[in-house]
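Observations on the model geometry
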Amino acid sequence: VASKNIVELLDEEICSDFDKIDMVLLGTADEVARQIAAGGVNSKVLNRYLQRQLERLPEAISLRVADAQGRVRYGPGLDAQVAVNIADREYFIRQRESSGNVLVIARPLFARISKEWSIPVSRRISGPGGSFAGVVYVNTAISHLYKTFANIELGAHGSVAMFNPELEIFARYPEPKGAGSVIGKKFAVEQWQ
């Protein structure tokens, strides 16, 4: 019963975080699509918009926009001298191949720009006629999940893990060998399989 109650509380808190992220992604995708339809993206206006939205997401490392080729074009903290392309990332591929506006929560990754472990959460940006115009994405800090998990008294031998339907670990607390050591590994406890 105690474990079930802990899971339900964590579920509510984590879902609330992802719902908030999704609202920012939806608003940002709409803003980018609006600017495209009005004749083109105004980088100064869009970057100010992204900065304001990012300030509302303490669990986020970054909020960025990539074009249809995967080039990261807009977002706070970008170095204009360094070209970053995310066309090979799972979330970008899934958004490019989707026909609708779906929320994609991809496998954790080590972010190329921030150099931190994160869970990318994205939405597709549609151009005129529904064409694929890129993605807006948030890199959600895995450290934020660790802090959420650390707030729960688990006992001397307790732990918390979050994993996807394929039983790949997204985050675990405590992490036995340091940050990132179990991310993406299969949850190998036979009883849970």
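Here the residue numbering is sequential within each chain, running from 1 through the sequence in written order. Whole-chain, interface and lining totals are the exception, using all residues; otherwise, since this is a predicted model, local features are given only for residues with pLDDT of at least 70 and side-chain atom pairs are given and counted only at 80 or more. Only hydrogens and water are removed before side-chain values are computed, so all heavy atoms of the structure are retained for them.

**Structural notes on the overall build of the protein**
Defined as follows: Working definition: helices are DSSP H or I runs of at least four residues, strands are E runs of at least two. Numbering for both runs from the N terminus. Throughout, radius of gyration means the C-alpha value; the globule benchmark is 2.2 Å times the number of residues raised to the power 0.38. A 1.4 Å probe rolled over the protein chains alone gives each residue an accessible area, and that area as a share of the maximum for its type sets the label: buried under 20%, exposed over 50%, partly exposed in between. Throughout, a residue-residue contact means that at least one pair of heavy atoms, one from each residue, lies within 4.5 Å. Accessible surface is estimated by sampling points in the Shrake-Rupley manner with a 1.4 Å probe; for residues, cover comes only from the protein chains shown. We treat Lys and Arg as the positive residues and Asp and Glu as the negative residues; His and chain ends play no part in the count. One atom stands in for each charge, and that atom is NZ of Lys, CZ of Arg, CG of Asp or CD of Glu.
Looking only at helices and strands, the protein features 4 helices and 8 strands. Ordered by position in the sequence, the α and β elements of the protein form the string α-α-β-β-α-β-β-β-β-α-β-β. A compact globule built from 193 residues should have a C-alpha radius of gyration of about 16 Å, and the protein, at 18 Å, falls within 12% of that. Counting only C-alpha atoms, the protein reaches 60 × 30 × 30 Å along its principal axes. Across the 193 residues that make up the protein, the buried fraction comes to 43%. The contacts of the protein with a sequence gap of at least 6 include a subset with a gap of at least 24, amounting to 49%. As displayed, the protein has an accessible area near 10,600 Å², and 53% of this comes from carbon and sulfur atoms. Distance between charge centres in the protein, computed from 23 positive and 22 negative side chains, equals 8 Å.

**Some thoughts on the pattern of salt bridges**
Applicable threshold: When a carboxyl oxygen of Asp or Glu lies within 4 Å of a side-chain nitrogen of Lys or Arg, that pair is called a salt bridge.
Within this structure, the stated rule accounts for 9 salt bridges. Asp 67 serves as the salt-bridge partner of Arg 73, at 3.2 Å between the closest nitrogen and oxygen. In this structure Arg 73 comes out as partly exposed when scored by relative accessible area, which is 43%. Overall, Asp 67 belongs to the buried group, its relative accessible area being 11%. One salt-bridge network, in which partners are shared between bridges, spans Asp 67, Arg 71 and Arg 73.

**Quick word on helix H3 (residues 90–97)**
Structural remark: α-helix, 3.6 residues per turn; residues separated by three or four positions point the same way. Going by this rule: In this context, the arc is that of the directions from the helix axis out to the C-beta atoms.
Along H3, the residues that are buried comprise Tyr 91, Phe 92 and Gln 95. Along the long axis of H3, the arc covered by the buried residues comes to 100°, so they all point the same way. Looking at the packing, one finds that the buried side of H3 touches strand S1 (60–67), strand S3 (104–105), strand S4 (109–110), strand S5 (117–126) and strand S6 (132–141).

**So, the side chain of Asn 139**
The following threshold applies: The definition of a polar contact used here is a pair of N or O atoms within 3.5 Å, where within protein one atom must be able to donate a hydrogen and the other to accept one, and adjacent residues in sequence count solely through side-chain atom pairs.
Among the structural elements, Asn 139 can be located in strand S6. For Asn 139, a relative accessible area of 6% gives the class buried. A polar contact of 3.4 Å, which involves the side chain of Asn 139, links it to the side chain of Ser 118. Once residues within four sequence positions are removed from consideration, Asn 139 is found in contact with Ala 60, Ile 61, Ser 62, Leu 109, Ala 111, Ser 118, Ile 119 and Pro 120.

**Section: the packing of aromatic side chains**
Each aromatic ring pair is specified by the distance between its two centres and by the angle formed by the two planes. Test applied: Any pair of Phe, Tyr and Trp rings, taking the six-membered ring for Trp, is counted once the centres come within 6.5 Å. Such a pair is stacked with planes under 30 degrees apart, edge-to-face with planes over 60 apart, and tilted for the rest.
On inspection of all chains with the given rule, the structure shows 3 aromatic pairs. Look at Phe 92 and Phe 132: their rings are 5.5 Å apart centre to centre, the planes differ by 75°, and that puts the pair in the edge-to-face class. Taken as a pair, Phe 92 in helix H3 and Phe 132 in strand S6 lie far apart in primary sequence, 40 residues in all. Overall, Phe 92 belongs to the buried group, its relative accessible area being 0%. Among the residues examined, Phe 132 registers a relative accessible area of 17% and is labelled buried. Relative to Trp 117, the ring of Phe 110 lies with its centre 5.7 Å away and its plane at 70°, an arrangement referred to as edge-to-face. By relative accessible area, Trp 117 is classed as partly exposed at 28%.

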